[in-house]
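Listed below, chain by chain, are the residues.
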Amino acid sequence: QVQLVESGGGLVQAGGSLRVSCAASRRTFNIMGWFRQAPGKDREFVSAISWSGSRSFYADSVKGRFTISRDNAKNTVYLQMNSLKPEDTAVYYCAARIGVIVTSPSDYDYWGQGTQVTVSS
């Protein structure tokens, strides 16, 4: 059973930065990504990255502010979040799949438990 464990969430003021991490217990997939879910809203795609790191994709809402990266030696993916806005407040979930980068949550096979990110105005 593959486990994904997120860490690094917290409370930050608008304009600040946070980095969230996701460690996988083992590698059985080549795509790792981040989704988020705010209260009362659907889970939405944030970003994803290929195993090699050569391909990455971002939601328009975070493009230019968030950066995804991975350390394959540690089976870990990171999401560096800069210039945070109150609307970025959500539970951030790590997800993984085999195949290509896609943006639908239903296409991801493995999920972490989530980490809360709260941005105060």
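Residues numbered from 1 in each chain as written. Predicted model: local features only at pLDDT ≥ 70, side-chain atom pairs only at ≥ 80, totals over all residues. Heavy atoms only, no water.

A. Structural context of the environment of P105. With respect to the helices and strands, P105 occurs in the loop between β9 (90-97) and β10 (110-111). Each C-alpha atom of the pair P105 and I31 lies 13 Å from the other, and the pair is 74 residues apart in sequence. Leaving out residues up to four positions away in the same chain, P105 has contacts with F35, R43 and W111. (Helix = DSSP H or I, 4+ residues; strand = E, 2+ residues; numbered from the N terminus. Contact = heavy atoms within 4.5 Å.)

B. Seen up close, the nonpolar core. If you look at the biggest cluster of nonpolar residues, it comprises 34 residues, and the most contacted ones within it are L4, M32, W34, L79, M81 and Y92. Put simply, the parts of the chain that give this core at least two residues each are β3 (18-24), β4 (31-37), β5 (44-49), β7 (66-71), β8 (76-81), β9 and β11 (115-120). If we ignore the near neighbours within four places in the chain, the residues touching M32 are L4, C22, A24, A48, I49, I68, R70, V77, C94, A95 and A96. (Core = buried A, V, L, I, M, F, W, Y, C linked by side-chain atoms within 4.5 Å. Buried < 20%, exposed > 50% of the residue type's maximum accessible area, 1.4 Å probe, protein only.)

C. Broad picture of the state of the cysteines. Considering all chains together, one arrives at one disulfide under this definition. Across the disulfide from C22 sits C94; the S-S distance is 2.1 Å. Looking down the S-S bond of the C22 and C94 bridge, the torsion is -75°, so its handedness is left-handed. Highlighted residues: C22 in strand β3 and C94 in strand β9, separated in sequence by 72 residues. For C94, a relative accessible area of 0% translates into the label buried. (Disulfide = S-S within 2.5 Å.)

D. Spatial organisation of the packing of aromatic side chains. In this structure the tally under the stated criterion is seven aromatic pairs. Their ring planes at 50° and their centres at 5.5 Å tell us that F29 and Y110 sit as a pair that is tilted. Placement of F29 in the loop between β3 and β4 and of Y110 in strand β10 is noted, with a sequence separation of 81 residues between them. For F29, a relative accessible area of 3% gives the class buried. Between F35 and F45 the ring centres are 5.6 Å apart and the planes differ by 80°, which places this aromatic pair in the edge-to-face class. Of the two residues, F35 is situated in strand β4 and F45 in strand β5; the sequence distance between them amounts to 10 residues. Exposure remark for F35: the relative accessible area of 0% places this residue in the buried category. Owing to a relative accessible area of 9%, F45 belongs among the buried residues under this scheme. In this structure an aromatic cluster arises from ring pairing among F35, F45, F57, Y93, Y108 and W111. (Phe/Tyr/Trp six-rings, centres within 6.5 Å; stacked < 30°, edge-to-face > 60°.)

E. Layout of the pairing of strand β1 (residues 4-7). Here β1 shows one buried face, formed by L4 and E6, and one open face, formed by V5 and S7. Sheet analysis places β1 next to β3, joined by four bridges and oriented antiparallel. When the sheet's bridge partners are listed, L4 is paired in β3 with A24. (Pairing = 2+ DSSP bridges.)

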